[in-house]
Amino acid sequence: MRIVLLCGGSGKRLWPLSNEIRSKIFLKLLPVNATNAGSADSGKESMIQRVCRQLEEAGLLTFASVVAHQRQEGITQHHIGNRIPFIAEPHRRGTFHAITLAAAYLHAKQLAGMEETICVIPADLYADVDFLSMLCQFPSVLAASGAELALLGVTPGHPSTQFGYIVPKPDQTASYSASTASSAPPAGYAMVEQFTEKPDEATAEQLINRDAMWNCGIFAFSLKFILDIMARKGLPTDYDELLACYEQLPEQSFDVEVVEKTVSAAVIPYHREWRDLGDWNVLPHYLGGSKIVGAGSVSNDSAGTHIVNELQQPIHVIGVPNIIVAASSDGILVAHKQAANRIKSMHHDGQRLMYGEERWGSYRVLNYSLPEQGPQTMTRLIQLLPLKAISYHAHKQREEYWTILSGTGEFILEAASRQVQAGDMLHIPAGVKHAIRALSALEYIEVQIGNELDENDVSQLDADWDNIGQRNGPGGLAQP
């Protein structure tokens, strides 16, 4: 079995903490369980860290791969390292094409067999380890049922309008009644009669009376099944050919293109807790019981109010119940929890991201100036993790001035290297190749100056620190 972690999302529902790069799965807000309480980040972990930890506990992480937009490769490595392969989407084209890209990659690059089971799970799920352990049932369920597609369905806690519903065939409902089991028996399943996508509350109530389950977005199928669908739709099944035409593909949902059109489908029931932590109305209840994350306070007469504050400035809420206040470098949200989901319809496109995480650490934009005349300037605070490095690269359109604030590191400018420490000032002219590695945790101010500060103005030469010296000839790097 191969597991594909879907890490898509536009980053709008948990704005301003989330954005198009730092989507909700990368927010370090969830308390780490007791056995991991001594880990870094003050006992907090992100959704993707949590699901990877649980996959590892279930003995399944070695079978997993991640698929996400190519701009999210750095932040993915920042959270989970290089433990599992990263499949880069060059453009966002919906869950259907993300899954087809992963299937083509597994077939071409990892030599997965045509009958091997491919299991797709979202990285933002919230459940116990036993939920993920149930993935092991998919191969036997597909074989026993003869179904082309298998899903994991969750017993609804209430008639929600936020989820799709899986309706089982009526003659099979008794075998997995929620009143008879705490979790599905091995290879326990039912055949699917129909799917209903996000109904109104009255329809949801009717579906629950028919033993319908929430669709939690977990699917399994053989590699041959998805490759055959790709061929029928005229999509290349070769990984490199699919990448080459990816920009021209329409945005399509796997639910619409595959799930709702598959006649032969089976569902495995799950009767314990599962949550989608996708909005500000739900997420605060899973922050470990604290009303406040970051600097601030909530008065006693502000029942149900939560603050999630990434800024250094404190936020105080007095006499306002049932609201969420979320603050980051990208903005501030103040909303009633029941209305907070409306933030996803507001326009954030084109806004410069003020905070980001990369494989080497993080950055925060402190100032950005766009004068009518003269050069543009941007000032950033860069934080490098110990022994992490920013790749050997150059910028054509801008020069940079760095001031080391704390820590020690090794800096390379063209063919010369030097040690740097707090108080050092560095000048990088436009077009000059440079790199830096932190020997200890390293922090510096970076000032960019240029006629146009484009984030794509970068020529990456080498990300492997050990290779950089070899790029400069037999003698390696020179000391100034």
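Above this text you will find the structure in question.
Counting of residues starts from 1 at the beginning of each chain's written sequence and follows it residue by residue. Confidence filtering applies because this is a predicted model: local features only for residues at pLDDT of at least 70, side-chain atom pairs given and counted only at 80 or more, and all residues used for totals across whole chains, interfaces and linings. Water and hydrogen atoms were dropped before computing side-chain values, which therefore reflect all heavy atoms in the structure.

A.B. asks: Teacher, can you tell me more about the nonpolar core here?
C.D. replies: Where a protein is soluble and globular, its nonpolar side chains tend to be buried together. For our purposes a nonpolar core is just a set of buried Ala, Val, Leu, Ile, Met, Phe, Trp, Tyr and Cys residues, chained together by side-chain atoms within 4.5 Å. In this scheme, a residue with accessible area under 20% of its type's maximum is buried, one over 50% is exposed, and one in between is partly exposed, where area comes from a 1.4 Å probe on protein chains only. Counting residues in each nonpolar core, the largest one holds 73 residues, and the members touching the most others are Leu55, Ile121, Phe131, Leu135, Ile218 and Trp280. Top contributing element to this core by residue count: helix H1 (residues 47-57), with five residues. Counting residues in each nonpolar core, the second largest holds 40 residues, with Tyr105, Phe219, Tyr239 and Val267 among its members. Strands are runs of DSSP state E lasting at least 2 residues, helices are runs of H or I lasting at least 4, and numbering of each runs from the N terminus.

A.B. asks: I'm lost on the sheet that holds strand E26 (residues 416-421) in this one. Help?
C.D. replies: Adjacent strands of a sheet pair through backbone hydrogen bonds, lying either parallel or antiparallel. An order of E26-E25-E28-E23-E30 is seen for the five strands of this open sheet, with the pairing classed as antiparallel. Looking at which strands have only one partner, the edges of the open sheet turn out to be E26 and strand E30 (459-462). Taken pair by pair, the neighbouring strands of this sheet meet at an average axis angle of 25 degrees, ignoring direction. Here three bridges tie strand E23 (residues 389-394) to E30, and the two strands are oriented antiparallel to one another. Across the sheet, Ala394 pairs through a bridge with Ser459, a residue of E30. Any two strands with at least two DSSP-identified bridges between them are counted as paired. Note on geometry: axes are C-alpha line fits, over the in-contact stretch for helices, and angles between N-to-C directions span 0 to 180 degrees.

A.B. asks: Would you take a moment to explain the packing of aromatic side chains for this structure?
C.D. replies: Two measures describe an aromatic ring pair: the distance that separates the ring centres and the angle between the ring planes. When two rings of Phe, Tyr or Trp (its six-membered ring) have centres within 6.5 Å they constitute a pair, described as stacked for plane angles under 30 degrees, edge-to-face for angles over 60, and tilted for the intermediate range. Considering all chains together, one arrives at eleven aromatic pairs under this definition. Here a set of aromatic residues connected by ring pairs shows up, and it is made of Phe219, Phe221, Phe225 and Phe254. For a lysine, the NZ atom is tested; for an arginine, the CZ atom; a charge sits over a ring if that atom is within 6 Å of the ring centre and within 35 degrees of the ring normal. Its end group placed over the ring of Phe96, Lys233 keeps NZ or CZ at 5.6 Å from the ring centre. Against the face of Tyr363 rests Arg380, its NZ or CZ located 4.6 Å from the ring centre.

A.B. asks: What is the right way to look at unusual backbone geometry in this model?
C.D. replies: Negative phi characterises most residues that are not glycine, and trans characterises most peptide bonds. Backbone torsion omega between Trp15 and Pro16 reads 10 degrees, so that peptide bond is classified as cis. Among the secondary structure elements, Pro16 is positioned in the loop between strand E1 (2-6) and strand E2 (30-31). With a phi close to 60 degrees, Leu111 is a non-glycine residue in the positive phi region. Of note in this structure, Lys198 is not a glycine but carries a positive phi near 40 degrees. Mapped onto the elements, Lys198 comes out in the loop between strand E10 (190-196) and helix H6 (201-209).

A.B. asks: Mind showing me how you'd approach the sheet that holds strand E24 (residues 398-406) here?
C.D. replies: Reading across from one edge, E20-E21-E22-E29-E24-E27 is the order of the six strands in this open sheet, with antiparallel pairing throughout. Taken across any chain shown, the strands that pair with only one partner, and hence form the sheet edges, are strand E20 (355-358) and strand E27 (425-428). Across the sheet, the axes of successive neighbouring strands diverge by a mean angle of 20 degrees, strand direction being ignored. As defined by bridge partners, E20 adjoins strand E21 (residues 361-369) across four bridges and the pair is classed as antiparallel.

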